[in-house]
Amino acid sequence: SLEALSDADPGALAAPLFSLALGFSPACMVASPSGSAFLCISADGSLARLVCAHAPLPLEPLDDARLAEYVSSAEVPTLAAPRFERLALVALAADASKACELVGIGADGVLCCLDPGSLAVVARATLVDGAKATSLCACAASPVIAVGGANGALHVFVRTPSALILVEHLALSSQGAILGAAFSPDGEWLVVSCGGGGPSGGGTLVWLTISDAGLPP
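Residues numbered from 1 in each chain as written. Predicted model: local features only at pLDDT ≥ 70, side-chain atom pairs only at ≥ 80, totals over all residues. Heavy atoms only, no water.

Of regular secondary structure, the protein chain possesses one helix and 17 strands. Looking at the protein chain as a whole, 43% of its 217 residues qualify as buried. Split by element, the accessible area of the protein chain, about 10600 Å² in all, is 57% carbon and sulfur. (Helix = DSSP H or I, 4+ residues; strand = E, 2+ residues; numbered from the N terminus. Buried < 20%, exposed > 50% of the residue type's maximum accessible area, 1.4 Å probe, protein only. Areas by Shrake-Rupley, 256 points an atom, 1.4 Å probe, with all protein chains shown as cover.)

See the structure below:
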């Protein structure tokens, strides 16, 4: 089940606002940039459910009858092979609650955008030099996607109405993989975590501005 907890009183966090039965045990859950939609996927990728919030949730427990006023849940078709190892939801508009696409990447290094309703592939692109993806994130303010590689390279893509376009390929680390990446809420910054490959095993955080990463203004 998917539970929402109240954040009004830290002492009451153990009490859920509602519980929603998914019908399977989710191995992965990805949220839209606005936090208004969640896609829950089973371990083998054979089951998926899209949960959408239509209005701000009241800070009080909801029974099943009232829950339908705020939240909808629907099964979606199974994910297509190859199985995706990393997932994110990318905004297609400034208001991420209005339109978003699921983006996933697998062991083959192919980045795919999928319609969140049908999960049909609507755009794809391949990482440079056959790099293996070790991180994936999407911007909440614009249709920009960042993929970090095991070879320390950062790939930045822009989702246009008809394609996925690689706008930057940066070699950020020669000592380890890019372990994580995240955009700031306003999309002005991209922070990348690079793993250390030296004796100390220390990692590095790299801050990039939109102009540094070659992103459109």
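Now, onward.
Here we take up the nonpolar core. Within the largest apolar cluster, 17 residues are counted, with the highest numbers of intra-cluster contacts made by Leu111, Leu136, Ile145, Val147, Phe157 and Leu164. Counting residues per element, this core draws most heavily on strand E11 (residues 133–138), at three residues. If we ignore the near neighbours within four places in the chain, the residues touching Leu136 are Arg86, Leu87, Ala88, Val103, Gly104, Ile105, Leu111, Ile145, Ala146 and Val147. Counting residues in hydrophobic clusters, the runner-up holds 15 residues, among them Cys139, Val156, Leu190 and Val192. (Core = buried A, V, L, I, M, F, W, Y, C linked by side-chain atoms within 4.5 Å. Contact = heavy atoms within 4.5 Å.)

On to the sheet that holds strand E14 (residues 164–171), then. As summarised here, the arrangement of the four strands in space is E11-E12-E13-E14, forming an open sheet in which the pairing is antiparallel. With partners counted over all chains shown, the strands left at the sheet margins are E11 and E14, one partner each. The sheet shows a mean angle of 20° between the axes of neighbouring strands, direction not considered. Two strands pair when backbone bridges link them, and strand E12 (residues 144–149) and strand E13 (residues 153–159) are joined in this way by five bridges, in the antiparallel orientation. For Ala146, the partnering residue across the bridge sits in E13 and is Val156. (Pairing = 2+ DSSP bridges. Axes fitted to C-alpha atoms, helices over the stretch in contact; angles between N-to-C directions.)

Here we come to the side chain of Ser184. Note that Ser184 resides in the loop between strand E15 (178–183) and strand E16 (189–194). For Ser184, a relative accessible area of 17% gives the class buried. Polar contacts involving the side chain of Ser184 include one to the side chain of Asp186, which spans 2.6 Å. A polar contact is formed between the side chain of Ser184 and the backbone nitrogen of Glu188, at a distance of 3.2 Å. (Polar contact = N/O pair within 3.5 Å; in protein donor to acceptor, adjacent residues only side chain to side chain.)

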